[in-house]
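Listed below are the residues making up each chain.
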Amino acid sequence: MKKLAFFLILYSNFTFTQSAKLDKQEVKVLAQIWGKLGLTEKRRWDFEEDPCSGQGEWQFSVRCDCSFNKNSTCRVTAIYIISENVSTALPVEFTKLLKLEVLDVGQNYLKGTIPSEWATMRLITLTLEDNRLSGPFPTTLTSITSLQYLNIRGNDFSGLIPEHISKLNNLERLFLSSNKFRGLSVAIENLTNLNDLRISDNNFTGKIPSFISRWTQITKLELLGSSFEGPIPSSISLLTQLDNLKISDLKVQRSTFPSVEKMTELRTLILRNCLIHGTIPNYIGNLRHLHVLILFGVACLE
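Fair warning: this is a prediction, and the values are worked out from it, not measured in the lab.

1. Focus on the side chain of serine 235
Working step 1: Position of serine 235 relative to the elements: it lies in the loop between strand S13 (220-223) and strand S14 (244-248).
Working step 2: For serine 235, a relative accessible area of 13% translates into the label buried.
Working step 3: Ignoring any residue separated from it by four or fewer positions in sequence, one finds serine 235 in contact with Ser210, Ile212 and Ser213.

As structure tokens, then:
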């Protein structure tokens, strides 16, 4: 009897969960978004099928939380539209999905900038990488203070990183590489929860800022081909949690070999064309986790 009762409970819960449907208003919103992105013409997303069913193309594109209204109603929490050759502007309608936390529209041909209406969103993860978005750093993004992961690399953004970026104090991962940014606001030093920062391949001016020492939780720092001037700041030695450090193509002023002795978890160290002079410290051989060491173009070692 106990086994039978347990089976009946499991069967009941499974059936109840399966009966949950996406909120009708959100179905309409998805249809609007898909229409504006030109995806309805591809006919791979069947709106006759519930988008939260996990069936067909929906299983790769939408994630839902079906715990609303006593497990009878679903809400969209994540959308993935990756490498679909979308070449439109970003739809405002994403803002109507009030439980949306993850949005990935990377590797498309999206153009324009971020709609100002997006400032009301409560995203945790936003990926816009490898598109054709342009203009100054979208200040709209600085209002989405819930963001923990922001990836806008591989676009055509330019100008300064604004001081309002300091409002994103929940950010843990920030990818700005392969744009045309030319300046970092000092306010970025307040993003002390960062553990992964990638700002390679930009047009920054001036030296690598010494305030990087405030990012004491950072594990990955990439400054490859960002047009910074040397030297590598001595304060980098305070980033003892780093397991991945990549710096290249510094200009004007020579650097001594950065002190990485206390970076005991370091796995990858790339210092390429950094105008380093002096000797390679002996302790490098004692960094037991170090698997990749590239000192290309270090021509001035004595």
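2. Some remarks on the pattern of salt bridges
Working step 1: Counted under the stated rule, the structure contains twelve salt bridges.
Working step 2: Ionic pairing is found between arginine 44 and glutamate 57, a salt bridge with its closest N-O pair at 3.5 Å. With arginine 44 in the loop between helix H2 (24-36) and helix H3 (58-61) and glutamate 57 in the loop between H2 and H3, this pair connects stretches of sequence that are 13 residues apart.
Working step 3: Notably, a salt bridge pairs aspartate 196 with arginine 173, separated by 3.6 Å at the nearest N-O pair. On the criterion of sequence distance, the pair formed by aspartate 196 in strand S12 (residues 196-198) and arginine 173 in strand S10 (residues 173-175) is long-range, its members being 23 residues apart.
Working step 4: Classification of aspartate 196 as buried rests on a relative accessible area of 3%.
Working step 5: Three or more residues are tied together by salt bridges with common partners; here these are Lys42, Arg44, Glu57 and Glu84.

3. A look at the state of the cysteines
Working step 1: Inspection of the entire model under this criterion finds two disulfides.
Working step 2: With its sulfur 2.0 Å from that of its partner, cysteine 52 forms a disulfide with cysteine 64. Measuring the twist about the S-S bond at about -80°, one finds the cysteine 52-cysteine 64 disulfide to be left-handed. With cysteine 52 in the loop between H2 and H3 and cysteine 64 in strand S2 (residues 62-67), the pair connects residues that are twelve residues apart, well separated along the chain.
Working step 3: Judged by its relative accessible area of 25%, cysteine 64 falls in the partly exposed class.
Working step 4: Disulfide partner of cysteine 66: cysteine 74, at an S-S distance of 2.0 Å. The sign of the S-S torsion, about 100°, decides the handedness of the disulfide formed by cysteine 66 and cysteine 74: right-handed.
Working step 5: Cysteine 66 sits in the partly exposed class, given a relative accessible area of 24%.
Working step 6: On the basis of relative accessibility, which here comes to 0%, the residue cysteine 74 falls in the buried class.
Working step 7: Cysteine pairing for the chain, with bonded cysteines counted in sequence order: 1-2, 3-4.

Reading guide: rules and limits
- Residues numbered from 1 in each chain as written.
- Predicted model: local features only at pLDDT ≥ 70, side-chain atom pairs only at ≥ 80, totals over all residues.
- Heavy atoms only, no water.
- Helix = DSSP H or I, 4+ residues; strand = E, 2+ residues; numbered from the N terminus.
- Buried < 20%, exposed > 50% of the residue type's maximum accessible area, 1.4 Å probe, protein only.
- Contact = heavy atoms within 4.5 Å.
- Salt bridge = Lys/Arg side-chain N within 4 Å of Asp/Glu carboxyl O.
- Disulfide = S-S within 2.5 Å.

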